[in-house]
There are 2 protein chains.
Amino acid sequence: MLAPSLRARVRAGMIEEIKAVARRHLATDGANLSLRAVARDMGMVSSAIYRYFPSRDDLLTALILEAYNALGDAVEAADAGVDQADLRGRWHAACRAARTWALAHPAEYALLYGSPVPGYAAPDDTVAPAQRPPETLVGILRDGVAAGRIDPPGEDLPEPLRSDVAELAALLAVDLPPALLARGMAGWTQLFGLISFELFGRINRTLPHRDEYFDHQTGLMADLIGLPAT
Amino acid sequence: MLAPSLRARVRAGMIEEIKAVARRHLATDGANLSLRAVARDMGMVSSAIYRYFPSRDDLLTALILEAYNALGDAVEAADAGVDQADLRGRWHAACRAARTWALAHPAEYALLYGSPVPGYAAPDDTVAPAQRPPETLVGILRDGVAAGRIDPPGEDLPEPLRSDVAELAALLAVDLPPALLARGMAGWTQLFGLISFELFGRINRTLPHRDEYFDHQTGLMADLIGLPAT
DNA sequence: CTTCGTCAAGAGCAGTGCTCTCGGTTTTGA
DNA sequence: TCAAAACCGAGAGCACTGCTCTTGACGAAG
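The structure reproduced in this document is the subject of the present report. Note that the structure is predicted; figures quoted are calculated from it, not measured.

**Points about the protein's contact with DNA strand D**
Move 1: Lining the immediate surroundings of DNA strand D are 21 residues, of which Leu35, Arg36 and Arg56 of chain A together with Ser47 and Arg51 of chain B lie closest.
Move 2: Near the protein, meaning within 4 Å, the atoms of DNA strand D are sugar or phosphate in a fraction of 46%, with bases accounting for the rest.
Move 3: In the model, a phosphate oxygen of DNA strand D is placed 2.6 Å from a nitrogen or oxygen of the Leu35 of chain A main chain.
Move 4: Here a phosphate oxygen of DNA strand D sits 3.4 Å away from a polar atom, N or O, in the side chain of Arg40 of chain A.
Move 5: The set of elements that each furnish at least two residues to the surface near DNA strand D consists of helix H2 (35–41) and helix H3 (46–49) of chain A together with helix H1 (6–29) of chain B.
Move 6: For the surface near DNA strand D, a count of residues per class yields eight nonpolar, six polar and seven charged.

Pasting the structure below:
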């Protein structure tokens, strides 16, 4: 059975079409995705959807997984598109890519980083794709340290915390001074906060030049981390 | 009519009780608050709730408003509890108060800072209470500049951005160098990101000492802002 | 060619927000 | 004081949701 049967092929096509329609509904109606509405849009009856997704949460999970990977692709591609030695340029590119993707897919971003759906618990399949953006940022730090172009922070972390962050560095398989990794995490936290504030509408009115604001804020974190210009 | 009528008093009591029960449901069931469920809990029929709140969104708005003010109270009280000259102590106290409140009221925090409910638009009554925490943080900067204890950042902001932030400073009625206010906003953004990451469960597993991590991260932002110790 | 697995459809259940009507009570004003 | 007005809770009902189960039809495999 190297060649998938006809039935398997149309089944795969149906799954893709359901996800596409659901993604469209997500973009317009927000997070409250209605299975019945998706079924209506496909000229089907709601119960037919259950042949392809055992529950609404499973459909949501599939969309979440795709969204995580789309965001990860965007961030990694942006990072890879800059000269590897240009640490600061890579940082800005990765941050901008995350923001651009979020602005283009606000509902999916809200699905990933908004308040968790009450009954919903993200399965373990999602944790690896979810870590791709922060891993990209940490990779910039790793390259910078390896090239000797980042001066680690002067003082080390106080002890209960130092072990935690060191363990996290081991878990990420990067050899970074804990104090530096902590600053990188501050940058990642800041990036998430920036995008969320902009997307969830708490900053728009007073700041017309949002691109410049974003770049400046991420630049501040690059300063904090110690990323050298060019 | 100085003394409110009996009817008005029981009405006010009913409104309070409905909000209390709704808050309880919010804490257990998450954001999907069911009017019928709170009505059941009160031994009433669902339509009776509509005598007190014209819609579910209005009930949510009332809860949101109370939550904003509770958070604002907590942050302002923490800030006021520290010697006014101890800028860094005030910063840490305000940040910790926000985190403590959020950890104690996760569902309400999610209501305030999570993904916006699709059909829901926050009325204008909520913007003033929503600004209380960031205003408290900015107040620390204002006091520091007034006392000459904060050195403003060396370089100024590039121009399209400088005007925006200067306008924001005027709107907040604080006389701060734009570059400094921008760093303060970075701190506020970071604070929100920190709390959200911790609350929405993206950081817990790998960092057992969360209090220390939080203090360190907010300390990093205090460094960036230039808050002097003691 | 027949059997088996898969499929869409429909009915139905429990739950939701919300509207409307119907009696009963309280407050108000003449 | 007493009728009119305002208010209140209960109930029925509408349109919607996620989800389950059964039924009948169709295509693929033996």
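**Concerning the relation of the copies chain B and chain A**
Move 1: Note on the identical chains: chain B maps onto chain A by a rotation of 180° and an axial translation of 0.0 Å, with an RMSD of 0.1 Å. Look at the turn and shift together and you get a two-fold axis relating the two.
Move 2: Same-surface contact between copies: 100% of interface residues of chain B are shared with the interface of chain A.

**Side note on the packing of helix H1 (residues 6–29) of chain A against helix H6 (residues 106–113) of chain A**
Residue and element names in this part refer to chain A.
Move 1: Look at H1 against H6: their axes get within 7 Å of each other, and the N-to-C directions meet at 90°. By the angle between their axes, H1 is roughly perpendicular relative to H6. Two secondary-structure elements touch here, H1 through Arg23, Leu26 and Ala27 and H6 through Ala107, Glu108 and Leu111.
Move 2: For the contact of H1 with H6, the class distribution of residues is four nonpolar, no polar and two charged.

**As for the protein's contact with DNA strand C**
Move 1: As a structural note, the neighbourhood of DNA strand C is formed by 24 residues, with Ser47 and Arg51 of chain A together with Leu35, Arg36 and Arg56 of chain B the closest of them.
Move 2: Of everything in DNA strand C that lies within 4 Å of the protein, sugar and phosphate atoms constitute 46%.
Move 3: Separating a base oxygen of DNA strand C from a side-chain N or O atom of Ser47 of chain A is a distance of 2.8 Å.
Move 4: Within the side chain of Tyr50 of chain B, a nitrogen or oxygen atom sits 3.0 Å from a phosphate oxygen of DNA strand C.

**Brief notes about unusual backbone geometry**
The bulk of non-glycine residues show a negative phi, and the bulk of peptide bonds are trans.
Move 1: Its identity is not glycine, yet Ala173 of chain A carries a phi of approximately 60°, on the positive side.
Move 2: Inspection of the secondary structure assignment puts Ala173 of chain A in the loop between helix H9 (159–171) and helix H10 (178–199).

**Some remarks on the interface of chain B and chain A**
Move 1: Taken together, the contacts link 45 residues of chain B with 45 residues of chain A.
Move 2: For the pairing of chain B and chain A, the buried interface totals around 3900 Å² over both sides, and the portion due to carbon and sulfur atoms is 70%.
Move 3: On the surface where chain B and chain A come into contact, there are zero salt bridges.
Move 4: At the boundary of chain B with chain A, the tally comes to eight residue pairs in polar contact (both at pLDDT 80 or more).
Move 5: If you tally residues by element for the side of chain B that touches chain A, the top one is helix H10 (residues 178–199) of chain B, at 12 residues.
Move 6: For the side of chain B that touches chain A, the per-class residue count stands at 28 nonpolar, 12 polar and five charged.

**Topic: the side chain of Ser196 of chain B**
Move 1: Following the sequence through the fold, Ser196 of chain B ends up in helix H10.
Move 2: A polar contact is formed between the side chain of Ser196 of chain B and the side chain of Tyr109 of chain B, at a distance of 3.1 Å.

**Observations regarding the pattern of salt bridges**
Any two side chains of opposite charge can pair, so long as their charged atoms come close to each other.
Move 1: For the coordinates displayed, the defined rule picks out 32 salt bridges over all chains.
Move 2: In this structure, Arg24 of chain A engages Asp41 of chain A in a salt bridge whose closest nitrogen and oxygen atoms are separated by 2.9 Å. Separated by 17 residues along the polypeptide, Arg24 of chain A in helix H1 and Asp41 of chain A in helix H2 bring together distant segments of the chain.
Move 3: Given the relative accessible area of 44%, Asp41 of chain A is considered partly exposed.
Move 4: Linking Asp223 of chain B and Arg88 of chain B is a salt bridge whose minimum nitrogen-to-oxygen distance equals 2.5 Å.

**Some points on H1 of chain A**
Residues and elements named next belong to chain A.
Move 1: Here H1 contains 24 residues, and its C-alpha end-to-end distance of 34 Å stays within 8% of the 34 Å for a straight helix at 1.5 Å per residue.
Move 2: Met14, Ile18, Lys19, Val21, Ala22, His25 and Leu26 are the residues of H1 that are buried.
Move 3: In this structure, the buried side of H1 is in contact with H2, H3, helix H4 (56–80) and H6.

**Quick look at helix H9 (residues 159–171) of chain B**
Move 1: In this model H9 of chain B runs 18 Å from its N-terminal to its C-terminal C-alpha over 13 residues, within 8% of the 18 Å that 1.5 Å per residue would give.
Move 2: For H9 of chain B, the full list of buried residues reads Leu161, Asp164, Val165, Leu168 and Ala169 of chain B. Within H9 of chain B, the buried residues cover an arc of 140° as seen down the axis, which keeps them to one side. In this structure, H9 of chain B carries Glu167 and Ala170 of chain B as exposed residues pointing more than 90 degrees from its buried face.
Move 3: Where H9 of chain B is buried, its residues meet helix H11 (210–225) of chain A together with H10 of chain B.
Move 4: One or two residues past the end of H9 of chain B sits Ala173 of chain B, with phi positive at roughly 60°.

About the criteria used
- Residues numbered from 1 in each chain as written.
- Chains lettered and ligands numbered in written order.
- Predicted model: local features only at pLDDT ≥ 70, side-chain atom pairs only at ≥ 80, totals over all residues.
- Heavy atoms only, no water.
- Near = heavy atom within 4 Å.
- Polar contact = N/O pair within 3.5 Å; in protein donor to acceptor, adjacent residues only side chain to side chain.
- Helix = DSSP H or I, 4+ residues; strand = E, 2+ residues; numbered from the N terminus.
- Nonpolar A, V, L, I, M, F, W, Y, C, P; charged D, E, K, R; others polar.
- Least-squares fit on C-alpha atoms with pLDDT ≥ 70 in both.
- Contact = heavy atoms within 4.5 Å.
- Axes fitted to C-alpha atoms, helices over the stretch in contact; angles between N-to-C directions.
- Parallel < 35°, antiparallel > 145°, perpendicular 65-115°, else oblique.
- Buried area = accessible area lost by both parts, 1.4 Å probe.
- Salt bridge = Lys/Arg side-chain N within 4 Å of Asp/Glu carboxyl O.
- Buried < 20%, exposed > 50% of the residue type's maximum accessible area, 1.4 Å probe, protein only.
- Expected span 1.5 Å × (residues − 1).
- Arc of directions from axis to C-beta.

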